[in-house]
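Residues per chain are reported as follows:
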Amino acid sequence: MMKTLFKTFAIIGLMSAATAVNAQDKLIKLAELPKTAQEFIKKHNATGDISYIKMEDDFFSKKSFEVKLKDGSEFEFDKNGAWKEVDMKHNKAVPSTLVPSAISAYITKSFPQNNIVKISKKSNKYEVELANGLDLEFDGKGKFIRIDD
C-alpha cells in the first residue's frame, strides 16, 4: 500500500515538473507578434513606447501575448493577435475605437466625466474599469449587466 502511494505521488510530481517546464514565457520582438497585434500597436502609436513583449505559452491554455509600454499600460492579445485586454493603468483613456458604441453611450450617460481606463473582451461579455475605480460588466452586445465587485 505504501509503495503504491509513493509511486502515485512520484508520478504526480514528475507530471507537475514536466508541465512547469513546458509552460514558458518568452520575450519576443515586435516583428514576432501576429500581424493583427502589430497593426494594433502601430495604429495606437505605441511602437516607440514598448518596454517589452512577452509570449505566454502555457501547457493547458492557449498561446497569448502581452505588450507592456514604458508608461505601465498593457495590451493582451490572443494567439491570432486579436486584443483581449487593454489596460491603460489610469494614465489615460482606452482608445475610443476599441469601445463598442453601446458601452460608450452608457458610460457617457451614466458616468459623465469618467474615462474607461481598462477594457477586457471575453467570448460573450466585456468588462470595463472606469477612472473612478468602478468595474462594470456588459454583455457581448454592449448592454449593461451589473457593477462588478
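Scoring rules and cut-offs
- Residues numbered from 1 in each chain as written.
- Predicted model: local features only at pLDDT ≥ 70, side-chain atom pairs only at ≥ 80, totals over all residues.
- Heavy atoms only, no water.
- Helix = DSSP H or I, 4+ residues; strand = E, 2+ residues; numbered from the N terminus.
- Buried < 20%, exposed > 50% of the residue type's maximum accessible area, 1.4 Å probe, protein only.
- Contact = heavy atoms within 4.5 Å.
- Areas by Shrake-Rupley, 256 points an atom, 1.4 Å probe, with all protein chains shown as cover.
- Pairing = 2+ DSSP bridges.
- Axes fitted to C-alpha atoms, helices over the stretch in contact; angles between N-to-C directions.
- Salt bridge = Lys/Arg side-chain N within 4 Å of Asp/Glu carboxyl O.
- pLDDT = per-residue confidence, 0-100.
- Core = buried A, V, L, I, M, F, W, Y, C linked by side-chain atoms within 4.5 Å.
- Phe/Tyr/Trp six-rings, centres within 6.5 Å; stacked < 30°, edge-to-face > 60°.

1. Section: the overall build of the protein
Move 1: For the protein, the helix and strand inventory stands at 3 helices and 9 strands.
Move 2: When the helices and strands of the protein are listed from N to C terminus, the series reads α-β-α-β-β-β-β-α-β-β-β-β.
Move 3: Relative to its 149 residues, the protein shows a buried fraction of 33%.
Move 4: Here the analysis covers contacts within the protein between residues at least 6 apart in sequence; of these, 36% occur between residues at least 24 apart.
Move 5: If you sum the accessible surface of the protein, you get close to 9,600 Å²; carbon and sulfur atoms cover 54% of it.

2. Let's talk about the sheet that holds strand S9 (residues 144–148)
Move 1: Here we have 9 strands laid out as an open sheet, ordered S1-S2-S3-S4-S5-S6-S7-S8-S9, and antiparallel in their pairing. Because the sheet does not close on itself, it has two edges, and the strands there are strand S1 (24–28) and S9. The average angle at which neighbouring strand axes cross in this sheet is 20 degrees, direction not considered.
Move 2: Note that strand S6 (residues 116–121) and strand S7 (residues 125–130) share 5 bridges and pair antiparallel. Pairing of Ser-120 across the sheet is with Glu-127, part of S7.

3. Digging into the pattern of salt bridges
Move 1: For the structure on display, the rule yields 13 salt bridges.
Move 2: The partner of Asp-71 in a salt bridge is Lys-92, with the nearest N and O atoms 3.9 Å apart. Of this pair, Asp-71 sits in the loop between strand S3 (64–69) and strand S4 (74–78) while Lys-92 sits in the loop between strand S5 (83–87) and helix H3 (101–110), and the two are 21 residues apart along the sequence.
Move 3: In this structure Asp-71 comes out as partly exposed when scored by relative accessible area, which is 36%.
Move 4: The salt bridge partner of Asp-87 is Lys-89, with a shortest N-O separation of 3.3 Å.
Move 5: Looking at Asp-87, the relative accessible area reads 10%, which means it is buried.
Move 6: Several salt bridges share partner residues, and in doing so they unite Lys-122, Lys-125, Glu-127, Glu-137, Arg-146 and Asp-148 into one network.

4. Side note on the confidence of the model for the protein
Move 1: Looking at the protein, the pLDDT average stands at 85 and 82% of residues meet or exceed 70.
Move 2: Averaged over each element, pLDDT in the protein is lowest for helix H1 (residues 2–22) (50) and highest for strand S8 (residues 135–139) (97).

5. What about the nonpolar core?
Move 1: One finds Ile-41, Val-67, Phe-75, Phe-77, Val-86, Ile-116 and Ile-119 to be the most contacted residues of the largest nonpolar core, which totals 30 residues.
Move 2: With sequence-adjacent residues up to four places away left out, Ile-116 is seen in contact with Lys-92, Ala-93, Val-94, Val-99, Ile-103, Ile-107, Val-128, Glu-129 and Leu-130.

6. Topic: the packing of aromatic side chains
Move 1: In total, this model carries 7 aromatic pairs according to the counting rule given.
Move 2: For the ring pair Phe-75 and Phe-77, a centre distance of 6.4 Å and an interplane angle of 65 degrees mean the geometry is edge-to-face. Of the two residues, Phe-75 and Phe-77, neither departs from the other in class, the shared state being buried.

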